[in-house]
Amino acid sequence: MSREKLSGAEIVIEELKDEGVEVAFGIPGGVLLDLYDVIYKQDAIRHILMRHEQCAAHAADGYARVSGRTGVCIATSGPGATNLVTGLANASMDSVPVVALTGQVVTSAIGTNAFQEASTFTITMPVTKHNFLVKRTEDLPKVIHNAFHIASTGRKGVVLVDLPKDVLADVAKVNLHPKETFAGYKPNIKPNKVQTKKTAETLATAERPLILAGGGVISSNATEELRSLAELLGAGVVTTLMGKGAIPEDHPLCLGMAGMHGHVYANRAINECDALLALGTRFSDRLTAWQLDQFAPDATMIHVDIDTAEINKNIQVDIPIVGDVKLALDDILKWLEKHKKLGGKSVWMQRIKEMHSACDECIKDVKRAGTSLSDMFVKELNRILDDDAVITTEVGQCQMFAAHYYMTKRPRRFITSGGLGTMGFGFPAAIGAQVGAPDNKVVDIAGDGSFLMTCQDLATCVENDIPVVVCILDNRYLGMVRQWQELFFDKKYSHTGLGLTPDFVKLAEAFGCYAERVEKPEGLKDVLGNAFKSGKPAVIDLIVGKDDKILPMIPPGGGIMGMIGTERCKHI
Amino acid sequence: MQTHIVSLLVEDRPGVLTRMSGMFTMRGINITSLTVSPCEKKGLSRMTVAIKGTESEVEKVRKQLSNLIEVVKVVDLRADEAIICDLCLLKVHTKDSEVRLEVMQLAQSYGAKIMDAALDSVILELTEEPMKIDRFVDLMQHFGVKQLFRTGVTAIGRGAGGG
């Protein structure tokens, strides 16, 4: 590549194009004028103007989760960058590849408390996989290339590039598209053959094998391999919240999500198994709960993760495998197919069948005794939406109603804030998801508390023809906190009541959205149909009960065998 | 809780120290001593970090440090497999010539250098393993230590191993 004379802003855009970036979510600002001047002059990269930087980060995050590509967000210096922080922390916690570009004051003014100056580099250090403060225009090609390389390889994550105004404005002679990387960055991709062989042998001889699928199965695109292995072995599959969609949830071997708000039989299977193959999961406390002696007590524990630091962090394992989940599953499958030494698992398979149908029955039964309106609305969505529809969620009760009752059939079709638990995530993530999957229906299962945190971006949807549908489970409370106050704090509802403001239908209409209120679950189908038909962004206000609780659940301090609220569950 | 010495080979650029120390801060681990200096490879620096922690805490931090993009190598140095040095400068009160003579003799027996002498004080320098410096300082306390400076440990693996 010959040396070219370009401005910093031109270099950034050229490198973004080279990385295959097709869209960026951002908001301009004083120090970004040079960059936006170049964005104006090109049409290879679509820029979507957001209404809040937090939403720009969440949209990039949602886009990345749905498409498997790296999401890009842009914010100006100072408040623009600090507004991004929640979104970056969110993507980091869930290992989503995002590159954030932030403006910075001119290099000579850094550290002087200049107008709109914040130390973005130090502020974002703990919420990124890596970050850069670029001091020289000629460093830009290498920095941008590495930002994408680091974000999208190994354990995926967030990389932020802080761009001072003069670095963007200055002209330099550079070689574009360099390939050099950091000496210290060598992600462990290839699993150790000895360990994968040991795993295959353990699974082959186990009587009650279970696979625990985490988000890593989805991010390494290993869902086919997971399904093949489960079917070959006759192993049950449970997922984490992030693993929803790793296997179709109606698959006979799938027992659904495990953990604090998971399916009672998913948790029981973890307790009963004699070999647990955990794939791409970090054993968060929301999965394992707190009585660890109930978590797979009789099992040989096998843990596959791309991040060495996750091995033996929360759970001690017998067979650790550091590497890519897909490659590890390939090795295990090859060994099993070659040696064909599978022990008898028919008793266990019968047990899985029984457990699968117990939960399946409940999810399909909309009018089951003990079911609340919130459950019913989500169960109704299962009947209305096609397998390729994308669900995003806000955080709290709505999220857990969605996670528990919505049956995800395909990977990258259930988008939720798992690690950070960010209220206000679902709606902007839906915007990104819709941009990444323009032909799919995108529905945000929201709560009224969460939605109000980021609803200003309805303007973004309307202005850019992004027809996401927000279904608000509207109980006029911060529902999950209220549920805890009811169950564990003597019904003292301290500051969880939100009052009657706003009227969500009028609010949405003011933005130019389609909007309707639904009071009965059976009315949802027609209204949702109308919303999709309108082709507009839509808000559907679903009136639910303030006493609706997401049950069963593991109470704080409990173990996976100690779920409460199992009265409605089928006892087998 | 025992002292561990973690030796890191890192890229020499702004922010690396903050990133590294942030790993310890996040886990509430206190850094006992820290040295940063250039090393045999251009563009790289070596950091020697002494921390107190359990085996498993240190193991977790070591893995997290390895994950940092600018960290090229992390080694947990064991005391019996490494040469560990600390440099100490101390100003000892010498109230009269008799005391001064005694301090100088003791300093010599420890291999400490006399860097400066005034009527009422002497400045001594000792480079040694940390425990030996501790003993030397304790001894000098007897006369009155006016000021004490220590660089913190630096360490190198014996033979072919380490760092």
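For clarity, every value in this text was computed on a predicted model and none was experimentally measured.

Draft legend 1. Main features of the overall build of chain A. The number of helices and strands found in chain A is 22 helices and 20 strands. The C-alpha atoms of chain A give a radius of gyration of 24 Å, which matches the 25 Å a tight globule of 572 residues would have. Expressed as lengths along the three principal axes of its C-alpha atoms, the size of chain A is roughly 70 × 60 × 40 Å. The burial tally for chain A puts 58% of its 572 residues in the buried class. In chain A, once contacts between residues fewer than 6 apart in sequence are set aside, the share between residues at least 24 apart is 77%.

Draft legend 2. Molecular detail of the packing of helix H1 (residues 16–26) of chain B against helix H2 (residues 55–67) of chain B. All names here are of chain B. Their axes nearest at 10 Å, the elements H1 and H2 cross at an angle of 150°. By the angle between their directions, the pair H1 and H2 is classed as roughly antiparallel. Of the two possible hands of crossing, H1 and H2 adopt the one that is right-handed. Of H2, the residues touching H1 (which contributes Met20, Met23 and Phe24) are Val61, Gln64 and Leu65. Split into classes, the residues belonging to the contact of H1 with H2 amount to five nonpolar, one polar and no charged.

Draft legend 3. Geometry of the interface of chain A and chain B. Contacts between the two partners involve 13 residues from chain A, matched on the other side by 15 residues from chain B. For the side of chain A that touches chain B, a count of residues per class yields eight nonpolar, four polar and one charged.

Draft legend 4. Molecular detail of the domain arrangement of chain A. All names here are of chain A. Once the domains are mapped, chain A shows domain 1 (3–175), domain 2 (193–357) and domain 3 (373–543). Distance between the C-alpha centres of domain 2 and domain 3: 31 Å. The interface of domain 2 with domain 3 comprises 12 residues on the first partner and 13 residues on the second. Of the residues that constitute the side of domain 2 that touches domain 3, the class distribution is six nonpolar, three polar and three charged.

Draft legend 5. Local environment of the nonpolar core. Counting residues in hydrophobic clusters, the biggest one holds 206 residues, and the most contacted among them are Ala56(A), Cys73(A), Val98(A), Ile211(A), Leu226(A), Leu276(A) and Ile540(A). The greatest single-element share of this core, amounting to eight residues, is contributed by helix H3 (residues 53–67) of chain A. For Ile540(A), the contacting residues outside a window of four places in its chain are Val469(A), Val470(A), Cys471(A), Ile472(A), Glu516(A), Val518(A), Val527(A), Leu528(A) and Ala531(A). Counting residues in hydrophobic clusters, the runner-up holds 12 residues, among them Val92(B), Ala112(B), Val122(B) and Ile133(B).

Draft legend 6. Examining the sheet that holds strand S19 (residues 514–518) of chain A more closely. Residues and elements named next belong to chain A. The strand order across the open sheet built from six strands is S16-S15-S17-S18-S20-S19, with neighbouring strands paired in parallel fashion. A single partner strand is all that each edge strand has here, and the edge strands are strand S16 (414–415) and S19. Here six bridges tie strand S18 (residues 469–474) to strand S20 (residues 538–543), and the two strands are oriented parallel to one another. Of the residues in S20, the one forming a bridge with leucine 473 is leucine 542.

Draft legend 7. Expanded view of the domain arrangement of chain B. Residue and element names in this part refer to chain B. Split into domains, chain B comes out as domain 1 (2–77) and domain 2 (83–155). Here the C-alpha centroids of domain 1 and domain 2 sit 29 Å apart. Counting from both sides, the interface comprises eight residues of domain 1 and, opposite them, six residues of domain 2. Looking at the side of domain 1 that touches domain 2 residue by residue, the class counts come to four nonpolar, four polar and no charged.

Analysis parameters
- Residues numbered from 1 in each chain as written.
- Chains lettered and ligands numbered in written order.
- Predicted model: local features only at pLDDT ≥ 70, side-chain atom pairs only at ≥ 80, totals over all residues.
- Helix = DSSP H or I, 4+ residues; strand = E, 2+ residues; numbered from the N terminus.
- Rg over C-alpha atoms; globule rule 2.2 N^0.38 Å.
- Buried ≥ 20, exposed ≤ 12 C-beta atoms within 10 Å, placed from the backbone.
- Contact = placed C-beta atoms within 7 Å.
- Axes fitted to C-alpha atoms, helices over the stretch in contact; angles between N-to-C directions.
- Parallel < 35°, antiparallel > 145°, perpendicular 65-115°, else oblique.
- Left-handed = near helix turned anticlockwise from the far one by under 90°.
- Nonpolar A, V, L, I, M, F, W, Y, C, P; charged D, E, K, R; others polar.
- Domains from an automatic or database assignment.
- Core = buried A, V, L, I, M, F, W, Y, C linked by C-beta atoms within 7 Å.
- Pairing = 2+ DSSP bridges.

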